[in-house]
Amino acid sequence: MNRKDTMRQAVIDLEESKIREVANAGIGRPDVLAFWFGESDEATPDFIRQAAIASLQAGDTFYTHNLGLPQLREAIAGYTRGLHGTLGAERIAVTSGGVNALMLAVQALVDAGDEVVAVTPVWPNLTAQALIMGANLKRVSLQPEAGAWKLDLPALLAAITPATRLLIVNAPNNPTGWTLTRAEQQAILAHCRGTGTWILADEVYERLYYEPSANGCAPSFLDVAAPDDRLVVAHSFSKSFLMTGWRLGWLVMPASMTHHMGKLIEFNTSCASVFTQKAALEAVRRTGEVTPRVVAHLKSCRDMLVPLLQALPGVQLRPAPGGMYAFFKLDGYDDSLALAKRLVAEAGIGLAPGNAFAPEAQGWLRWCFASKDPARLGQGVERLAGWLARQ
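Below or above, wherever it landed, is the structure these notes cover.

About the criteria used
Residues numbered from 1 in each chain as written. Predicted model: local features only at pLDDT ≥ 70, side-chain atom pairs only at ≥ 80, totals over all residues. Heavy atoms only, no water. Phe/Tyr/Trp six-rings, centres within 6.5 Å; stacked < 30°, edge-to-face > 60°. Helix = DSSP H or I, 4+ residues; strand = E, 2+ residues; numbered from the N terminus. Buried < 20%, exposed > 50% of the residue type's maximum accessible area, 1.4 Å probe, protein only. Lys NZ or Arg CZ within 6 Å of the ring centre and 35° of its normal. Polar contact = N/O pair within 3.5 Å; in protein donor to acceptor, adjacent residues only side chain to side chain. Contact = heavy atoms within 4.5 Å. Pairing = 2+ DSSP bridges.

This part covers the packing of aromatic side chains. Under the criterion given, the structure shown has 13 aromatic pairs. Between Tyr79 and Phe241 the ring centres are 5.9 Å apart and the planes differ by 50°, which places this aromatic pair in the tilted class. Note that Tyr79 is positioned in helix 4 (residues 70–84) and Phe241 in the loop between strand 9 (231–236) and strand 10 (249–252), a separation of 162 residues in sequence. Judged by its relative accessible area of 11%, Tyr79 falls in the buried class. Looking at Arg286, its charged tip hangs above the ring of Phe47, at a distance of 3.8 Å from the centre.

Below, the structure is given as structure tokens:
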């Protein structure tokens, strides 16, 4: 076939989402308890929704600045300063979702043939985006130890060489909940300075952190980096503001990049919609009424679910320090996708298969515990226990 008659091979070769494959087997079945997607089943707080309604009623239905509303960029900068120190709006770009933020960063930094290193298991979009750009992808896997996933820091540093254009790291991590320590971040940053490697840090789960910390969030590269370091940090309103469907995120980058990022946004989405930005502005202004409650609730959900799962025979699991997932392995079941499909059909439970996130997570399952009603979690464990007893 003539190459001109086909799409780019990198796009044709993209794997379809295994999470969607499982969900498609159960969507529409009212008897299935769904824990497969990475979102809470709690609606966005009313005062955020009302801000969007008011914006629409005011006629805010037009294009705006590529980089986002100036007042939202200032508000995000202030929010970030409150967590990580000095930072100005000149380093902020508002994006049409966290996914868009990550894709924009990869488009800005990666040429075809570039080497990209990614810490895995990880949400598959992060590795797919590099492949879409034609990068040569190297995976450095976290290692499971007694149900917890840990980083082999020397192996990661050895993988990052002067030939490495970009390091992609997601911490707190989806799906494992693994979180970088401050010392690990400092070591990675120092090494990447030496090799000239950019870091793309997906920190969308930073507020969903359950260990003691001075600023109420997970360690961030922004805490240790200089303003002009080769560092881009991606964020989203989805998780800690309960705004998954709004599709709004942001990037933090060196100020020298921001103008050019605005050009790239123009050729992707032009801008995020004004009324969603007005809603986000209200969310940032009143974050104290949303995020602390969300984090406390998610911690209670985690602390309820994990012991129940650990009590089941053959389960390998440790409570994650961050994120919204219990990532566990069932001994004797080596095909995550087949297992997840069986659990939908035979137990009425919807979980995400581990091999959706990396080959090395084969045999593992991801359970999103962001449930408005924690009783659903207990019901799900009862169904899983009953299914295991029947095997």
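With respect to the helices and strands, Asp229 occurs in the loop between strand 8 (198–202) and strand 9. Judged by relative accessible area, Asp229 falls into the buried class, the value being 10%. Within polar-contact distance, the side chain of Asp229 engages the backbone nitrogen of Ala226 at 2.7 Å. Not counting the four nearest positions on each side in its chain, Asp229 is found in contact with Leu189, Arg193, Trp198 and Pro254.

Neither face of strand 10 is exposed, since Gly249 and Leu251 on one face and Trp250 and Val252 on the opposite face are all buried. The pairing of strand 2 (residues 92–95) with strand 10 spans 4 bridges and is antiparallel. If you follow Ile92 over to strand 10, its bridge partner there is Val252. Of the pairings in the sheet, the one linking strand 9 to strand 10 comprises 4 bridges and is antiparallel in character. Bridge assignment links Ala234 to a residue of strand 10, and that residue is Leu251.

Purely geometric numbers; function is a separate question.
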